[in-house]
Structures are given as C-alpha cells and as structure tokens.
Amino acid sequence: MSALLGVSDAIDRLLARIAGLFGWLFVALIIVICWDVLTRKIGFQIPGFGSTPIQELEWHLHGMLFMFWLGYAYVRNVHVRIDVFTANKTPRQQAKLEVFGIVVFAIPYCLVATYYAFLFAETSFIQNESSDAPNGLSYRWIIKFCLVAGLLLLDLAVASVLMRKLVMLFGPPDLTARVSPAAAGR
C-alpha cells in the first residue's frame, strides 16, 4: 500500500510541476488578449498577422491552459463536481463512490478519449493541417497534440486518485490517515 501511495505522490508532484510550468501561459494569454484589444481599438495590425491569427492564438492558449491543468485540478479535488450523491456520506462512503466512478466511468472514458485524440492529432500532423482561415495559424496539429498530452495527464491523475482511494479503503490505519480528506486538505 505504501508503494501505491508513493506512486500517487510522484504523479501528483509531476502534475503540480507541469501545472506550474504551463501556468505561465496565463501571462502570455493576458498579453495576447491585450494586444488583440489594443490593435482592434486603434486599428493597427502587424502586416500578415492580423486579428484572425491573434484570436486563434487566444483559443490555443486557452485550450492549453485547460488541458495542462485538468489533471492537476482533479488530484487537488478542485474540479467541477456535483455532490448530490456524496453530500451526506462519510469519507469512506465517498471514497467507495469515487472508486466506483473511476472504474465505471473515468477509466473507460479516458482510454477511449486518449485513443481517439491521438488518432485525431496524428491525422492532423500527417495532413499538415492549418487553419481554415486564409491568414490563420499553421500547424494546427500542435494544439491537437496538446489535447493528447492533456488527456494523458488526466489519465495519470485518475490513476493517482484511484490509488489514494484504494489506500484509504484497504490500507493500514497510518496510511489511511495520511490520505483522508481532512489530512490531505481535499
């Protein structure tokens, strides 16, 4: 059980580092949005790099932020969730429901989504896909591979949470106390 917890801790640290690194995209996104607003307001555009590529860059940065933070949000339990089923449950009952949800819903979804996202990105790369807009961004496959990378990070996050919940349900008391919601701040 301590090995499961060790692997889970390593995954959590990796996800935190990646989230911290890609968190700097917020700064880039703010700069791009401000540039877009200013150039629209004053009517100045860089020749060959007008509003369309800037707007596409905005949604690429938004997408990257979402994808590279999704796994981290899940392991930190700050993702959107509806607590209708878990509101009046004990932490142990909540852990059982989480394991059920992971095994029945999350793992199958993640496997299918990751597989098809890879095929989607691979096709885009092979075709050297670019924007449909005449002056849009090239290399559309980059953002599509970010989708694959984000889903792989989500796969790791799901595995990490599953390992923690299994330790909570079946581990010795010292490890169970370490992964309980109160101890983890979750």
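Thresholds, definitions, all that
Residues numbered from 1 in each chain as written. Predicted model: local features only at pLDDT ≥ 70, side-chain atom pairs only at ≥ 80, totals over all residues. Heavy atoms only, no water. Helix = DSSP H or I, 4+ residues; strand = E, 2+ residues; numbered from the N terminus. Expected span 1.5 Å × (residues − 1). Buried < 20%, exposed > 50% of the residue type's maximum accessible area, 1.4 Å probe, protein only. Arc of directions from axis to C-beta. Contact = heavy atoms within 4.5 Å. Disulfide = S-S within 2.5 Å. Core = buried A, V, L, I, M, F, W, Y, C linked by side-chain atoms within 4.5 Å. Lys, Arg positive; Asp, Glu negative; His and termini not counted. Salt bridge = Lys/Arg side-chain N within 4 Å of Asp/Glu carboxyl O. Phe/Tyr/Trp six-rings, centres within 6.5 Å; stacked < 30°, edge-to-face > 60°. Axes fitted to C-alpha atoms, helices over the stretch in contact; angles between N-to-C directions. Parallel < 35°, antiparallel > 145°, perpendicular 65-115°, else oblique. Left-handed = near helix turned anticlockwise from the far one by under 90°. Nonpolar A, V, L, I, M, F, W, Y, C, P; charged D, E, K, R; others polar.

(A) A look at helix α2 (residues 25–42). With 18 residues, α2 should cover 26 Å at 1.5 Å per step; its first-to-last C-alpha distance of 25 Å lies within 8% of that length. Looking at α2, one finds that the buried residues are L25, L29, V32, D36 and T39. Angular distribution of buried residues about the axis of α2 spans 105°; they occupy a single face of the element. Facing away from the buried side of α2 by over 90 degrees, the exposed positions are I30, I31, V37, L38, K41 and I42. Looking at the buried side of α2, the elements it contacts are α1 (2–22) and α3 (51–75). Looking at the residues trailing α2, positive phi occurs at G43, about 80°.

(B) Representation of unusual backbone geometry within the structure. Although it is not a glycine, N77 sits at a positive phi angle of roughly 60°. Residue placement: N77 occurs in the loop between α3 and α4 (91–126). In the Ramachandran plot, Y139 falls in the positive-phi region, its phi being about 55° despite a non-glycine side chain. In this structure, Y139 sits in the loop between α4 and α5 (141–170). Residue class for Y139 comes out partly exposed when judged on its relative accessible area of 47%.

(C) Main features of the state of the cysteines. One pass over the full model with this rule turns up zero disulfides. With no disulfide of its own, C146 lies closest to C110 among cysteine sulfurs, the gap being 17 Å. By relative accessible area, which is 9% here, C146 ends up buried.

(D) A look at the nonpolar core. Core analysis: the largest hydrophobic core is formed by 39 residues, its most contacted members being Y74, I102 and V158. Where this core is concerned, the elements lending two or more residues are α1, α2, α3, α4, α5 and α6 (173–179). Considering each element in turn, this core owes the most residues, 14 residues, to α5. With residues near it in sequence (within four places) discarded, V158 still touches Y74, I102, A106, I107 and C110.

(E) Looking closely at the side chain of E58. Structurally, the position occupied by E58 is in helix α3. Buried charge without a partner: E58 forms no salt bridge, and the closest opposite charge is R40, 6.3 Å away.

(F) Here's a closer look at the packing of aromatic side chains. Enumeration over the complete set of coordinates arrives at ten aromatic pairs. Judged by centre distance (4.9 Å) and plane angle (85°), the rings of F125 and W141 are edge-to-face. Remark: W141 occurs in helix α5 and F125 occurs in helix α4; sequence separation between them is 16 residues. Ring geometry for F125 versus F145: centroids 6.5 Å apart, planes at 75°, classification edge-to-face. One end of the pair, F125, is in helix α4; the other, F145, is in helix α5, with 20 residues separating them in the sequence. Assessed through its relative accessible area of 46%, F125 is described here as partly exposed. These aromatic residues form a ring-pair network of at least three members: F118, F125, Y139, W141 and F145.

(G) Up close: the packing of α4 against α5. One way to put it is that α4 packs onto α5 with a least axis distance of 8 Å and a crossing angle of 160°. Considering the angle they form, α4 stands roughly antiparallel to α5. Crossing hand, α4 versus α5: left-handed. Here the residues of the contact of α4 with α5 are counted per class, giving 26 nonpolar, two polar and seven charged.

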